[in-house]
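As a plain string of letters, each chain reads:
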Amino acid sequence: MVTEIELKYSLLDSNEQTKPEKIKTTISQLLSEHDVTFVHQEKQLSNHYFDTADLTLRKNRIALRTRGTKCIDETKRFEQTIKTSGTIIAGLHQRPEYNVDIGDAKPIVSLFPDIIFQPNIDISLLQQQIVELFSTHFTRHIWLVSSAGAQIEIAFDCGEVACQNYVKRPRIYEIELELVSGDSRALLGLTKLLFSQLALRPGQLTKAARGYALYHESLTLASHVENKSPNNSAIVEQIELSMINLPKTIPLHNALTHGIEFSLNQLQLCVDSYVEVPSFNMLSKVSEQLILLRQGFWLFDELLSPDEKALRTELSYFIRTIHWVENARYIQLLINKQSSYQKENLINQELITKLQLRQSRYPRELQVLELLHSERFNNLQVDLLSLLLKRNSDETLKIDNSSSLAEFAAKHLTNNTKALSDELVKLQKPQDSTSIGLYLTAHSLLIRALLTTSWFSCLFAEPESDIVKRFNMPLLDIKQGIIELQSLSLLLQQLKHLPKKENKLTQWLTNKSENLITALDQSRAKALTMKPYWP
C-alpha cells in the first residue's frame, strides 16, 4: 500500500492558448526556463471502474479500477487499483491505494489484500457480482520532475468520461501533480510555477466521482431534463452557507484550521458550480465563502503570525473584486420580465434600458472565469493550504490553552451580538438619519454576527438545531429586508436620471419601502428579545 499525495487542477478551456498542444508546450518551456530537470513521456490510458449493482464498494468508500496503459512502441500493460477513503483539502488529495499487475482489463478481486475489505464481504461473491459502471479514456502527458530534492510527477490529461449506451461524455481536461518522493513544500512550489502560465482551478471531484455522477445520471435520464449537469444539484446542496461543524473537544489552536479547511472546500465547490453554470447567484456564493474565510482570520487574529494575517488582506482583495455581484443581482431582478415590478407595469422601457446599460458595465462571464483561474487566486488557495499543512504538523504552534475554545467562542458570539444589538436599539428612535440609512449602516454588523454564528454555533448546539434557527431567524429576515431595501434604493437612483417623472413607480416604491421598514422593525424587535444559546 502507498498513500497517494497529489494536487488536482482543472484547466480553463476558453481560447487558443488553452488547446492541448499549447498546454503541453507551455509546461515544457516553463520547466526548461527555470532549469528544472524533467523527463517527458506520453501515454494512452483507458480506465474501467467496477462495482456491484447495489454499489457495495462505493458504500464502503472503495473505488475499484483497472487501467490499460499504452506507451509508444510498447506493449499495452494492465493494472488493477483499489483506492480507499482519504482526505481532500483545497485540491490536495491524500488516499491510500493498492496496485496489482494483471493480464487484461478484467479485475481479479482476490489478488488484493483481505485487510482492504470489511469482514462481512464475501470476496468470491463480490467477484461474481461486479460489473463495469463507467470508463475514462485520455491521453496523458507526463513530466517526471526533480525539484528541491523531491521527485514530482506532472500529468496533463485530455480525454472523456463514458458510460455504456449513454451519449453524454464529459470532458477530462486537467493537470495532476503527484509527490513521488520528498517534501510536500516542493510540490506546492512547483504548482505555483504552473500558476504563472496556466489558467487553473483546484479540482474537488476525482475522475471516479465524475464517473459515478455520470452513471447515476444515465440511470435516471428518463426522469430528468436533458443538459443538466450530472453533479450540479449535488454541489449546490453542499455549498449552502452552513454552520462549520467544529468538534466540541477540538483544541483552540486546531479550530482555525478546521474552519479554514471546511470553508476552503466549500469555496472550491462554489467555483466549480459557477464554472459549470455561470450565474450571479452562484458568484454571490463564492463571495459568501470568501467572507466566511476572512471572518475566521478576524476571529482568530490573536493566534496568527504576520504572514498568516497577510492572507486576510488577500481575501479582502477578492471580496472587493467581486463585490459588484450584489448590485448585478439587484438589477437582474429589476429587469427580469417575471419580477413584480414588470408584472405590475411599473417600469418603462427607458428605465429598463438604463438598468441594462449599468448591468453591461460589470465584468463579463469570461472575465470572471479568468479571475477564478488566475495566478493570484490560485496562489491564495495554495497559501491557505500551506497554512493548513504547517499548522497540522508543527507542534510549536500549540498556542496558550489557558482559554478554552468554548470560552473563546462565547466571547466572540457575545461581543458581536452586543455590537449588533446596540446598533438595532438606535433604530427605535432615529434622530438625524432615516430608518433606511440606519438599517444599511447596521448591515455590516449583522453580517459579522451571522458569520460568527456560522463559525461557533455548533459548539453549543447540534447542527441545524432549532434553537440556533430560532435565534438566527429574525437576523436573517433583517438581512433579506436590507437586500430588498438596497434593490429599491438602486431603482430610485435610476429614476432621478429619467427625463420625466415616473409618479406611479415613485409612489409604489415609497409605499413598498415603508412596508418593508415596518417588517424590518418587527424583525428588529424580535431579534432584541432573543436569548443567547451559549453560556
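The structure this text deals with has already been given above.
Residues numbered from 1 in each chain as written. Predicted model: local features only at pLDDT ≥ 70, side-chain atom pairs only at ≥ 80, totals over all residues. Heavy atoms only, no water.

*Asks:* Give a description of the environment of Val382 that names residues and reports values.
*Replies:* Secondary-structure assignment places Val382 in helix 14 (residues 375–393). When its relative accessible area of 2% is taken as the criterion, Val382 is described as buried. Considered as a pair, Val382 and Thr191 are 191 residues apart in the sequence and their alpha carbons are 8.5 Å apart. In contact with Val382, not counting residues within four places along its chain, are Tyr9, Leu188, Thr191, Lys192 and Phe195. (Helix = DSSP H or I, 4+ residues; strand = E, 2+ residues; numbered from the N terminus. Buried < 20%, exposed > 50% of the residue type's maximum accessible area, 1.4 Å probe, protein only. Contact = heavy atoms within 4.5 Å.)

*Asks:* Could you give me a rundown of the nonpolar core, with the residues and numbers involved?
*Replies:* Nonpolar side chains in soluble globular proteins tend to be buried together. Ranked by internal contacts, the top residues of the largest apolar core, which has 88 residues, are Val286, Leu290, Phe300 and Phe456. Excluding anything up to four places from it in sequence, Val286 contacts Leu267, Cys270, Val271, Ile322 and Leu372. (Core = buried A, V, L, I, M, F, W, Y, C linked by side-chain atoms within 4.5 Å.)

*Asks:* Quick rundown of the packing of helix 17 (residues 466–495) against helix 18 (residues 503–529)? Include the residues and the values.
*Replies:* Two numbers describe how helix 17 lies on helix 18: the axes approach to 9 Å, and their chain directions differ by 160 degrees. By the angle between their axes, helix 17 is roughly antiparallel relative to helix 18. For the element pair helix 17 and helix 18, the recorded crossing hand is left-handed. Residue-level contacts link Pro474, Leu475, Asp477, Ile478, Gly481, Ile482, Glu484, Leu485, Leu488, Leu491, Leu492 and Leu495 of helix 17 to Leu505, Thr506, Leu509, Lys512, Ser513, Leu516, Ile517, Leu520, Ser523, Arg524, Lys526 and Ala527 of helix 18. Its residues assigned to classes, the contact of helix 17 with helix 18 shows 15 nonpolar, four polar and five charged. (Axes fitted to C-alpha atoms, helices over the stretch in contact; angles between N-to-C directions. Parallel < 35°, antiparallel > 145°, perpendicular 65-115°, else oblique. Left-handed = near helix turned anticlockwise from the far one by under 90°. Nonpolar A, V, L, I, M, F, W, Y, C, P; charged D, E, K, R; others polar.)

*Asks:* Give me the lowdown on helix 17, citing residues and values where you can.
*Replies:* When the terminal C-alpha atoms of helix 17 are compared, their 43 Å separation across 30 residues agrees well with the 44 Å that a helix rising 1.5 Å per residue should span. In the structure, helix 17 departs most strongly from a straight axis at Met473, where the bend amounts to approximately 35 degrees and where the proline Pro474 lies between one and four residues downstream. Measuring from the backbone nitrogen of Ile467 back to the side-chain oxygen at the start of helix 17 gives 3.2 Å, which picks out Ser465 as the cap. (Expected span 1.5 Å × (residues − 1). Bend = angle between axes of the 7 residues up to and from the residue. Polar contact = N/O pair within 3.5 Å; in protein donor to acceptor, adjacent residues only side chain to side chain.)

*Asks:* Give me helix 15 (residues 405–426): which residues, what numbers.
*Replies:* Over its 22 residues, helix 15 runs 32 Å from end to end, which matches the ideal 32 Å to within 8%, given 1.5 Å per residue. Within helix 15 the residues assigned to the buried category are Leu405, Phe408, Ala409, Ala410, His412, Leu413, Asn416, Leu420, Glu423 and Leu424.

These results come straight from atomic positions and should not be treated as a statement about function.
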